[in-house]
Amino acid sequence: MTVCGPDGKIKSSSRPGGRKRWRRIIQRSLAILILVPSTCWLVFTIAAIFLPYPRSFETIAASSTILEDRAGEPIAMFAAPDGQWRIPLDENQISPHLLQAIVAVEDSHFREHVGVDWKSIIGAAFDDLHHLHIRRGGSTITMQLQHLRDPQPRTFFNKLMQTIRARQIEKRASKQQILVEYLNRAPFGGNIGGAGAASWRYFGRPCAQLSLSEAALLAGLPQAPNRLRPDRFPAKAQARRDHVLDRMFICGMIDRRQLDEAKGEPVNVVVHELPQDSGAARGALPTLLRLAGEHPGQMIRTTLDRDVQSQAFAAASRQLRDLSSSGIWAAAIVVLDTQSAECLAAVSMGDRSPWVDLTHRPRSTGSTLKPFIYAAAFDAGICTPQTVLDDSPAAWSGYVPADYDRKFKGQISAAEALADSRNIPAMRVLAQVGVEPAIGLLNSVGFNSLTRSPHNYGLSLAIGGADATPLEMARAYATLARGGSLIESLEVQSSFNALHSLLRYSGGGLGWGFAQAALITKQPPPQPSPGVPREGENPLPGAVLRESSCWQTLRAISNPARTQSVCHEGAEKFVAWKTGTSSGHHDAWCAATTRHRTVIVWLGNLDGEASAALIGQEAAAPLALKLIAALDSQPAAPWPDMVPIQDSNPHHMAASFRSANEPHLSMISPRPGQECVLNDDVPADRQRLLLKLAVAENESRRIWWFVDSRLISTSKISEPVWWAPVVGAHEVRAVDEAGHAAMARIVVR
């Protein structure tokens, strides 16, 4: 086309400059189209390589605490400190169907990309622009994992940073590790985090056992966990599940038959109750709560046996129901396997404070420590079961002990004194053994609560002057029933994240040990432990007592006739048992053991309230003996009848024993065999008989005066004491604080 200019000449309308301008525009546009993506890619790559990845992003949130019984079945579960339910799993603990389903529905190219699926992102962007709102995202599973690690608002910059972090994650972890972590972090509705917790809460079983339909249901939840919760919106959850199954079919992960069968399963999901709510941990919950608090976020394999726990709980419930009218509201029962020292049951019941772990709470031991004191004496050769002891009034350091029946039996064998739980003979034996060696032995067999100095315990150690927990008591009696052989033990076994690490605590003092929480044990090479000095027979390696000393002690407290008077079934099991009643009737104990089972029963009140019914023989013994008879299904095995190493001549042992305890006092008035005649002319209440001892110069010992085993006065040794005599035969006895005694039998006419 041509035009005519003002001068009449013909000119062309096209200009070379116009073509050049358009060429430059096109070139610049192409440069921008090439350089901008290239620059962005270069910046992205450099950032992914050199930008530090914060360690805080990799921090794993606190997990829930799972406690299992000895068979590996959950017995209690507790949420994480933030109230969330999380049960981290490793690859082997996740259903393969779930691993496939989450890839099919969330990121079908997961195995091909390197953290960012650019094609999907571009497609999602055009789709969103076309519809003028966000219809779908282009986030990969890796990008979603980054968002779960570091939740940030959805802005362009945050999305860009998410892609960079996703690329970094892909360089630091394998595809399978990324997938497993995503499933451990993804939300599944409410306070359920991760597929492990979702499997338990929705289906009541481990994730590895999920069916194809159940796995597809879970895989569909992270997109909108609260809107798709199967327990609240089953129809929506089913539609989402079917979509996941369709995606799996399209991706070739399942065939048509599997698709149809999975879609045919109904969605009938409820949030399953916790194991402790279903009664699996009846009575053990206080102990399990304590363990959960001390080992948060772990899966703990305990040694508890469901059947044994159930029987112990039922027995304790019946006994408390029967004793409720007597004002007794709390009970603790510990059942151990004697040979392995594993705790099979730990019952803790207290209506007024139901969450207090009574198996772990020290209480006055009453007479339950006497067997260990006698065992120490037998072991050291101080006496034998046949040694004749003197059960007569005595006093030590201002303390005047007496037995429950307020009577004294005079000359009695050590075995009989132990079986009858006589206090004076036990204190005499302890005086010979020594309080410090006795405490050393008690510490060695598991009494870690004995932390005061020997001086603070004194001879009252034998009759309730110390405190111990039921778990400590159980370990000690089981050690005695193994012939003095120690078993080092472990508290719990952790198996979270396939670590299977053993958490071991050392005993002694107030530290953790078997006696504190006997939930899982092992038998390492035994280590020698300090105990009572011995000569002659060498103990077994790792033993604190000779077998003969243990068997002699246990035979003394396992008389079938004595057992049958309380529990007929127990008499057939050769049960060795000892009761204890604390001063003032605040605690009732019974420790019972056989070669196979050890049962400890404590009854009382959490606030220490006394009850006249808190008597070990009457309240605790029937429960302990019936329970151990029911639990010990092994053939009855009597305690071995072993000959003691030391000279067992009872007269020789008795003489040396008595001579060590009764010197240095000589009674002047009355004289042995003296006859006193009352004066009929003087009122009887005004007549007095002088009680006086021979006194060395500057002696200031304190003396306790008994007449017919009844304390009538205390005084310094130099002070005369006057007694109003009554007609009849009487025994007058004077005892000093070291246990030395002088005695005279008289007749008053």
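Procedures and definitions
- Residues numbered from 1 in each chain as written.
- Predicted model: local features only at pLDDT ≥ 70, side-chain atom pairs only at ≥ 80, totals over all residues.
- Heavy atoms only, no water.
- Pairing = 2+ DSSP bridges.
- Helix = DSSP H or I, 4+ residues; strand = E, 2+ residues; numbered from the N terminus.
- Axes fitted to C-alpha atoms, helices over the stretch in contact; angles between N-to-C directions.
- Phe/Tyr/Trp six-rings, centres within 6.5 Å; stacked < 30°, edge-to-face > 60°.
- Buried < 20%, exposed > 50% of the residue type's maximum accessible area, 1.4 Å probe, protein only.
- Lys NZ or Arg CZ within 6 Å of the ring centre and 35° of its normal.
- Contact = heavy atoms within 4.5 Å.
- Parallel < 35°, antiparallel > 145°, perpendicular 65-115°, else oblique.
- Left-handed = near helix turned anticlockwise from the far one by under 90°.

### Description of the sheet that holds strand E8 (residues 330-337)
Strand order in the open sheet formed by five strands is E9-E8-E20-E19-E18, and the pairing between neighbours is antiparallel. Here the strands that pair on one side only, and so sit at the sheet edges, are strand E9 (343-350) and strand E18 (576-581). Between one strand axis and the next, the sheet turns by 5 degrees as a mean value, whatever way the strands run. Strand direction decides the pairing type here: strand E19 (residues 587-593) and strand E20 (residues 597-604), joined by seven bridges, are antiparallel.

### Quick notes on the packing of aromatic side chains
One pass over the full model with this rule turns up five aromatic pairs. Centre to centre, the rings of tyrosine 53 and phenylalanine 57 are 5.5 Å apart; their planes meet at 85 degrees, and the pair counts as edge-to-face. Each of the two residues, tyrosine 53 as well as phenylalanine 57, counts as buried. Where phenylalanine 372 meets phenylalanine 447, the ring centres are 5.6 Å apart and the plane angle is 80 degrees; that geometry is what we call edge-to-face. With phenylalanine 372 in helix H13 (residues 370-380) and phenylalanine 447 in the loop between helix H16 (435-444) and helix H17 (454-457), this pair connects stretches of sequence that are 75 residues apart. For the pair phenylalanine 372 and phenylalanine 447, one class covers both residues: buried. Here the aromatic residues Phe372, Phe447 and Tyr477 are joined through ring pairs into a cluster of three or more. The ring of tryptophan 577 has arginine 562 lying over it, and the distance from NZ or CZ to the ring centre is 3.7 Å. Between arginine 595 and the ring centre of tryptophan 551, over which it is positioned, the NZ or CZ distance is 4.9 Å.

### A word on helix H19 (residues 547-556)
The buried fraction of H19 is high, at eight of ten residues. Here H19 has its buried residues at Ser548, Ser549, Cys550, Trp551, Gln552, Thr553, Leu554 and Ala556. The inward-facing, buried residues of H19 contact H13, helix H14 (414-419), helix H18 (470-481), E18 and E19.

### As for the packing of helix H2 (residues 96-106) against helix H8 (residues 212-219)
Close contact between H2 and H8 brings their axes to 8 Å; oriented N to C, the two are set at 40 degrees. With respect to H8, the axis of H2 lies oblique. With respect to the hand of their crossing, H2 and H8 are arranged in right-handed fashion. In this structure, H2 contributes His97, Leu98, Ala101, Ile102, Val105 and Glu106 to the contact, and H8 contributes Leu212, Ala215, Ala216, Leu218 and Ala219.

### Examining the pairing of E19
Within E19, seven of the seven residues are buried, which leaves it mostly tucked inside the rest of the structure. The alternating pattern of E19 places Asp587, Trp589, Ala591 and Thr593 and Ala588, Cys590 and Ala592 on opposite faces, both of which are buried. Sheet analysis places E18 next to E19, joined by six bridges and oriented antiparallel. In the strand pairing of E19, tryptophan 577 is matched with alanine 592.

This is a description of form; function is not addressed.
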